Amino acid sequence: MPNTAISVSDLSKKYDDRLAVSHINFEVPLGIVCGFVGPNGSGKTTTMRMLLGLITPTTGQGHILGEPIEHPEKYLSRVGAMIEGPAFYPALSGYENLMVLAKLGGFPIERVQQLLDKVGLGDRGKSKFKTYSLGMKQRLGIAAALLPNPKLLMLDEPTNGLDPEGIQEVRALLRDLANEGTTVFVSSHLLSELEIISDYIVMLRKGEIVFAGPIGELMAQQQPTIIAKSLQQSDLQKIVEIAEAAGHHAVIRNDSVHVLAEMDWAPVLNKAAFDAGITLAQLAPQLPNLEETFFEMTGDK
Amino acid sequence: MLNVVKAELRKLRRPTLFFGTMGAAIFFTGLITSFIYLMIDSPQGNGDRGRSISREVLTLASGSVNGFASVGGFLGIIALCVFAAQTAQEYTYGTLRNLLIRQPGRMKILIGKLISMVLFGLVMISIAAVISIAISYILAPGAKVSTDLWFTSAGFEAIFTTFVNVTISVVAFGIVGMVLGLLLRSPISAISFGVLWILIIEVLLMAVKNSLQSWLPGAQLSAIASGGSPDLTYTHALTVGGIYVAVGAIVASVLFVRRDVAN
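Residues numbered from 1 in each chain as written. Chains lettered and ligands numbered in written order. Predicted model: local features only at pLDDT ≥ 70, side-chain atom pairs only at ≥ 80, totals over all residues. Heavy atoms only, no water.

**Observations regarding the packing of helix α2 (residues 94–105) of chain A against helix α4 (residues 134–146) of chain A**
All names here are of chain A.
1) Next: Between α2 and α4, the shortest axis-to-axis distance is 10 Å and the interhelical angle comes to 25°. On the basis of the axis angle, α2 is roughly parallel to α4. Pair α2 / α4 crosses with right-handed handedness. Contacts between α2 and α4 involve G94, N97, L98 and L101 from the former and L140, A143 and A144 from the latter.
2) Next: The residue inventory of the contact of α2 with α4, partitioned by class, reads five nonpolar, two polar and no charged. (Axes fitted to C-alpha atoms, helices over the stretch in contact; angles between N-to-C directions. Helix = DSSP H or I, 4+ residues; strand = E, 2+ residues; numbered from the N terminus. Parallel < 35°, antiparallel > 145°, perpendicular 65-115°, else oblique. Left-handed = near helix turned anticlockwise from the far one by under 90°. Contact = heavy atoms within 4.5 Å. Nonpolar A, V, L, I, M, F, W, Y, C, P; charged D, E, K, R; others polar.)

**Looking at the sheet that holds strand β4 (residues 59–64) of chain A**
Residue and element names in this part refer to chain A.
1) Next: Sheet architecture is open: four strands sit in the order β2-β1-β4-β5, paired in antiparallel fashion. Each edge of the sheet is formed by a strand with only one pairing partner; in this case those strands are β2 (18–29) and β5 (67–68).
2) Next: For β4 and β5, the ladder comprises two bridges, and the chain directions are antiparallel. By the bridge assignment for β5, I64 is matched with E67.
3) Next: Set on the sheet, helix α1 (residues 44–51) makes contact with β1 (4–15), β2 and β4; between it and β1 the angle comes to about 115°. (Pairing = 2+ DSSP bridges.)

**Overview of the packing of helix α2 (residues 15–38) of chain B against helix α4 (residues 66–92) of chain B**
Residue and element names in this part refer to chain B.
1) Next: Packing of α2 against α4 brings their axes to within 9 Å, and their N-to-C directions diverge by 155°. Classed by the angle they form, the pair α2 and α4 counts as roughly antiparallel. Classified by chirality, the crossing of α4 by α2 is right-handed. Contacts from L17, T21, A24, A25, F28, T29, I32, T33 and I36 in α2 reach N66, G67, F68, S70, V71, F74, L75, I78, V82 and Q86 in α4.

**Some thoughts on the sheet that holds strand β8 (residues 183–187) of chain A**
Residues and elements named next belong to chain A.
1) Next: Judged by pairing direction, the sheet is mixed, and its six strands sit side by side in the order β6-β7-β8-β3-β9-β10 without closing on themselves. The two strands at the open ends of the sheet, each matched to only one other strand, are β6 (79–82) and β10 (208–214). The average undirected angle you get between the axes of adjacent strands in this sheet is 10°.
2) Next: Taken together, the four bridges between β6 and strand β7 (residues 152–156) define a ladder with parallel strand orientation.

**Notes on the interface of chain B and chain A**
1) Next: On the chain A side, the residues contacting the 27 residues of chain B number 33 residues.
2) Next: Carbon and sulfur atoms make up 60% of the area that chain B and chain A hide from each other, which totals about 2600 Å².
3) Next: The tally of links from chain B across to chain A stands at three salt bridges.
4) Next: E96 of chain A is paired through a salt bridge with R13 of chain B; the nearest N and O atoms lie 3.5 Å apart.
5) Next: Where chain B packs against chain A, one counts 16 residue pairs in polar contact (both at pLDDT 80 or more).
6) Next: Of all the elements in the fold, those that place two or more residues in the side of chain B that touches chain A are α1 (2–12), α4, α5 (96–102) and α6 (106–139) of chain B.
7) Next: In the side of chain B that touches chain A, the residues fall into 10 nonpolar, seven polar and 10 charged. (Buried area = accessible area lost by both parts, 1.4 Å probe. Salt bridge = Lys/Arg side-chain N within 4 Å of Asp/Glu carboxyl O. Polar contact = N/O pair within 3.5 Å; in protein donor to acceptor, adjacent residues only side chain to side chain.)

**Section: the nonpolar core**
1) Next: Ranked by internal contacts, the top residues of the largest apolar core, which has 88 residues, are I6 and F185 of chain A.
2) Next: Sort the elements by how many residues they give to this core and helix α7 (residues 153–184) of chain B lands first, with 11 residues.
3) Next: If we ignore the near neighbours within four places in the chain, the residues touching F185 of chain A are I6, F26, V28, C34, F36, M48, L51, L152, L153, M154, L155 and V202 of chain A.
4) Next: Counting residues in each nonpolar core, the second largest holds 47 residues, with V119, L140, L153 and L173 of chain A among its members. (Core = buried A, V, L, I, M, F, W, Y, C linked by side-chain atoms within 4.5 Å. Buried < 20%, exposed > 50% of the residue type's maximum accessible area, 1.4 Å probe, protein only.)

**So, the packing of aromatic side chains**
1) Next: One pass over the full model with this rule turns up 15 aromatic pairs over all chains.
2) Next: Aromatic pair F26 of chain A and F185 of chain A: ring centres 6.0 Å apart, planes at 15°, arrangement stacked. Of this pair, F26 of chain A sits in strand β2 while F185 of chain A sits in strand β8; the two residues are 159 residues apart in sequence, bridging distant segments of the chain. For the pair formed by F26 of chain A and F185 of chain A, the shared burial category is buried.
3) Next: The interplanar angle of 65° and the centroid separation of 6.5 Å between the aromatic rings of Y37 of chain B and W150 of chain B together place this pair among those described as edge-to-face. Within this pair, whereas Y37 of chain B is found in helix α2, its partner W150 of chain B is found in the loop between α6 and α7, the two being separated by 113 residues in sequence. As far as burial versus exposure is concerned, Y37 of chain B and W150 of chain B are alike and both buried.
4) Next: A cation over an aromatic ring shows up here: K137 of chain A above the ring of F129 of chain A, its NZ or CZ 5.3 Å from the ring centre.
5) Next: Sitting over the ring of Y91 of chain B, R185 of chain B keeps its end group 5.8 Å from the ring centre. (Phe/Tyr/Trp six-rings, centres within 6.5 Å; stacked < 30°, edge-to-face > 60°. Lys NZ or Arg CZ within 6 Å of the ring centre and 35° of its normal.)

**Digging into a nonpolar patch on the surface**
Residues and elements named next belong to chain B.
1) Next: Together, M1, L9, M107, I111, I115, L119 and V257 make up an exposed nonpolar region whose accessible area comes to about 510 Å².
2) Next: The topology assignment puts I111 in helix α6.
3) Next: Overall, the relative accessible area of 36% leaves I111 in the partly exposed class. (Patch = residues over 30% accessible without salt bridge, like charges linked within 9 Å, V, L, I, M, F, W, Y side chains within 5 Å. Areas by Shrake-Rupley, 256 points an atom, 1.4 Å probe, with all protein chains shown as cover.)

This is how it looks when you write it as structure tokens:
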């Protein structure tokens, strides 16, 4: 019995002379929620496709639930996936679309209605897929991914098009699945959502791994920030100068100054600002969240 | 494999596709079969490309299936369109990735799809056979054609032989459609190319040089349906047509199995 759901070593994919994924290595333990993040074009979907046997890697190896990715027939019956949005037959109903996949995978047909109910489409199952809203399509995609009662669930942007209530429901669903032992490997642009539900993070940038490990470890590596606001906008630049004079990196962002410094430097900054004739309206030490960490590590902002 | 067939049949049975296809088959069958009897004395002919099918020919034991054999080529074009659309749409809808996640055996997907579409084609051929023979039987007295030999043992043998020939032709046309669908990955492109080639380009080529008839794929497959013609023997059509279909199927299968699914 393997103790990793996903294990990837030196995995690359080259299209013509461009490396979409470049020699990546990471592992995802069993039974956790793992966020898979990276800017557009960083290679997330290409990686997922390789793990699902849809495209052949140029180099490297990968194992899913202990089986090599060269033999997807050995593990895909235990994997549920939705890649690059929900794709279904527009002229068939949601129910019929799931029936096609249930028949194909040899899954019990009773699961179809159960899953439609589970994702909140119980009363719209007979409607044609082409009449569904984006959020409903997304829910149907999640239901399709759950058909095999998967040990590993791979979802690519599952909350796209969902309203806040839907996002919350998906978040709860993924957490429940993880609690029941399913490993969830999920990519999303909603980093605040991933921060709440993920135990693990794999971060990609330009096809390369920037970080892979427990989310707590990632946050612990980040320097805390002190956010300072002054009564006068014109004083913001002076605060930056005070911080930089003390050897701290500082930038103006959203009408406030963000200073990379430990929390205990906040009183020092407060006094220095007072001495310089600046009245601070706010002074708050803050640990960076996943979004700020992401931008810092991927260099997107 | 059986799971693939069951899954594909669920897609093929949707009313717009099923009744639309059967409606087109019934329409062409009715039109072409009626034409043979209603235009029997026309100097412009009552058969394909102005050929005349005489009372003497229609009175033979094989007379009941003359219309059915003539419509074989049209049924083939319908099959080409259905097989091409059903194959190529997996790429345009992006549903191929769902299929391959649930059944990673790519040859199983391909063969399962083919079997289900052949079953669909058999339903279409059976309906066309019944409609054509029924219309022939109804119109024969008005056209002064005797039906005495139609339902003898020789007549039933002719019905069976024609059914087999039309089935071979329709399945071959369907495989050509499937190959086009796999190569072009777009229903519109695959259907346009296939239909334009068979109905326009081949006809023009044969008008310029009649001997090309012996080598063009559409002509071979149509000739199989009608059991051969004076210009094209059944054996030749079966051999050349078989080679075209086999080569196309092998190339498309290898591509399908090896190609990355990136859409």
